[in-house]
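Structure assessment
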Amino acid sequence: MNRKIEYASFEVTSYCNLNCSFCNREEVIKHPKHISVDSWIYMLEKLKSHPIREAKLQGLGEPFMHPHFAKLCKIFKEYFPDSKILTATNCQYRITENFTSALKYIDMIYLSIDGYKENYEKFRKPSKWSKLINFLEILKNVNKYNCKITCNYVVNKENIMDIEKIEKLCKKYDIEELRLNIAQNWSENSTLKDNNNTWGYSRQELDFLRSNYKNKIKGKAPWTWSDCFWVDKGMYVTAEGNVNVCAINTSPEPLGNIFNNNIDGILNNERMKEISMACKKNKPTNHCLNCSYKELSPLLDELLN
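So, about a positive patch on the surface. Together, Lys117, Lys165, Lys168 and Lys171 make up a region of like positive charge exposed at the surface. Considering the arrangement of structural elements, one finds Lys168 in helix H7 (residues 163–172). Of the residues examined, Lys168 reaches a relative accessible area of 56% and is grouped as exposed.

For the rest of this paragraph, the subject is the side chain of Asn98. For Asn98, the position within the fold is in helix H4 (residues 97–102). There is a polar contact of 3.2 Å between the side chain of Asn98 and the backbone nitrogen of Phe69. Those residues within four positions of Asn98 in sequence are excluded, and the remaining contacts are Phe64, His66, Pro67, His68, Phe69 and Ala70.

As for its position among the elements, Tyr213 is in helix H8 (residues 203–213). Sequence separation between Tyr213 and Arg179 is 34 residues; the distance between their C-alpha atoms is 9.5 Å. If sequence neighbours within four positions are ignored, Tyr213 has contacts with Ile163, Glu164, Glu167, Leu180 and Phe208. From its side chain, Tyr213 meets the backbone nitrogen of Glu164 in a polar contact 3.5 Å long.

Here the focus is unusual backbone geometry. Residues Lys125 and Pro126 are joined by a peptide bond in cis, for which omega reads -5 degrees. With respect to the helices, strands and loops of the structure, Pro126 is situated in the loop between strand S6 (124–125) and helix H6 (129–139). In this model, Lys117 sits at a positive phi of 50 degrees, which is unusual for a non-glycine residue. Take Lys117: it is sitting in the loop between strand S5 (108–112) and helix H5 (118–123). By relative accessible area, which is 36% here, Lys117 ends up partly exposed.

This part takes up the pattern of salt bridges. As enumerated under the stated definition, the model contains 16 salt bridges in all. Two residues, Arg203 and Glu302, come together in a salt bridge whose shortest N-O distance is 2.7 Å. Here Glu302 lies in helix H13 (residues 292–304) and Arg203 lies in helix H8, a separation of 99 residues in the sequence. When salt bridges with common partners are traced through the structure, they connect Lys148, Glu177, Arg179 and Lys218 into a single cluster.

Two faces belong to every sheet, and in a regular strand the side chains alternate between them. For strand S4 (residues 84–89), the buried fraction is high: five of the six residues fall into the buried class. By the bridge criterion, three bridges tie strand S3 (residues 54–57) to S4 in an arrangement that is parallel. Along S4, the bridge assignment pairs Lys56 with Leu86. The β-α-β motif built from S3, the intervening helix H3 (residues 69–79) and the parallel element S4 has right-handed crossover chirality. Bridge count between S4 and S5: four bridges; the pairing is parallel. Paired with Ala88 across the strands is Tyr110, a residue of S5.

Taken as a whole, helix H2 (residues 37–47) has its buried residues at Val37, Trp40, Met43, Leu44 and Leu47. Take H2 and look down its axis: the buried residues cluster within an arc of 120 degrees, on one side only. Here the buried face of H2 lies against strand S1 (7–10), S3, H3, strand S9 (234–237) and helix H10 (263–267).

Criteria and thresholds
- Residue positions within a chain follow its written sequence, with the count starting from 1.
- Where local features are concerned, this predicted model is filtered to residues with pLDDT of at least 70; where side-chain atom pairs are given and counted, the filter is 80 or more; whole-chain, interface and lining totals use all residues.
- With hydrogens and water excluded, all non-hydrogen atoms of the structure serve as input to the side-chain values.
- Patch membership needs two things, relative accessible area over 30% and no salt bridge, and members are linked within 9 Å if like-charged or within 5 Å if nonpolar (Val, Leu, Ile, Met, Phe, Trp, Tyr).
- Here the Shrake-Rupley method, with its probe set to 1.4 Å, supplies the accessible areas, and only the displayed protein chains count as covering residues.
- For this document, the term salt bridge refers to a Lys or Arg side-chain nitrogen within 4 Å of an Asp or Glu carboxyl oxygen.
- This count recognises Lys and Arg as positive and Asp and Glu as negative, with His and chain-terminal groups excluded.
- Where a charge sits is defined by one atom per residue type, namely NZ (Lys), CZ (Arg), CG (Asp) or CD (Glu).
- Runs of E in the DSSP output that reach at least two residues are strands. Runs of H or I that reach at least four are helices, and both are numbered from the N terminus.
- In this scheme, a residue with accessible area under 20% of its type's maximum is buried, one over 50% is exposed, and one in between is partly exposed, where area comes from a 1.4 Å probe on protein chains only.
- Whenever two N or O atoms come within 3.5 Å, that pair is a polar contact, provided that in protein one can donate a hydrogen and the other can accept it, and provided that, for residues adjacent in sequence, both atoms are side-chain atoms.
- Pairs of residues are marked as contacts when any of their non-hydrogen atoms sit within 4.5 Å.
- Any two strands with at least two DSSP-identified bridges between them are counted as paired.
- A crossover gets the label right-handed when its path from the first strand over the helix to the second runs clockwise, viewed with the strands pointing away from the viewer.
- By definition, the arc is the one covered by directions from the helix axis to the C-beta atoms.

Written out as structure tokens, the structure reads:
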């Protein structure tokens, strides 16, 4: 086994200005931090031999809260000029040069908008709808270079009927795409069924989604553990440098630390081998047992096929 990373998710900061309903940051983040520019370069030096084709600069924090986010994007492109950079933002801040300069290097930004007005504020506390609208008004006139701006909408039982309103909002503000993601669970020790808002959709709700938004729902179905790309070519790194298997399970014991350990040793250690082989045999370890990809597969199969 000699894993080579093609998709990487980097948590450049664990600071966040919101406390979103479906985020488990409170159980994971004890001491928020920004990754330093020097540490970022040190990490990329360790990874430069890997064929990274796509990198998501996002974790359990708001990327644009990092004071040097644009610089981090620029440096990444210097190391991996052919790789795509993706990120997401909650839009709850004032657009500054740190944001506009970063657009030169980012290929796609997901604007996180999970409901209309009251529901938006409910699921992304303490967000304000007025702040979002102000952000979109300014963004409309910003030079986006070649960066694609999309809306990422996390669907739950309470905000399904808001989708049409957000679709109109996207058209008004020239947002290129509306992406619907069925709410997931990011904790190793719980499942989607543990939260009433993420499970038990009614027949009417499912029919509404399938009839009106089938082509906007993201995900793959059918899906099982042997289909997982994370265990073959993916990696998630926290702001502290801890290396995890994936961005879906954010609460496990890390495989190692990229600042303290040899990266290839981390990616090919015995625990990683065990997790990978178990997925290939569709006999997952505890790390993958409650995977949202697997748990959502029957639901997505019904919606997409």
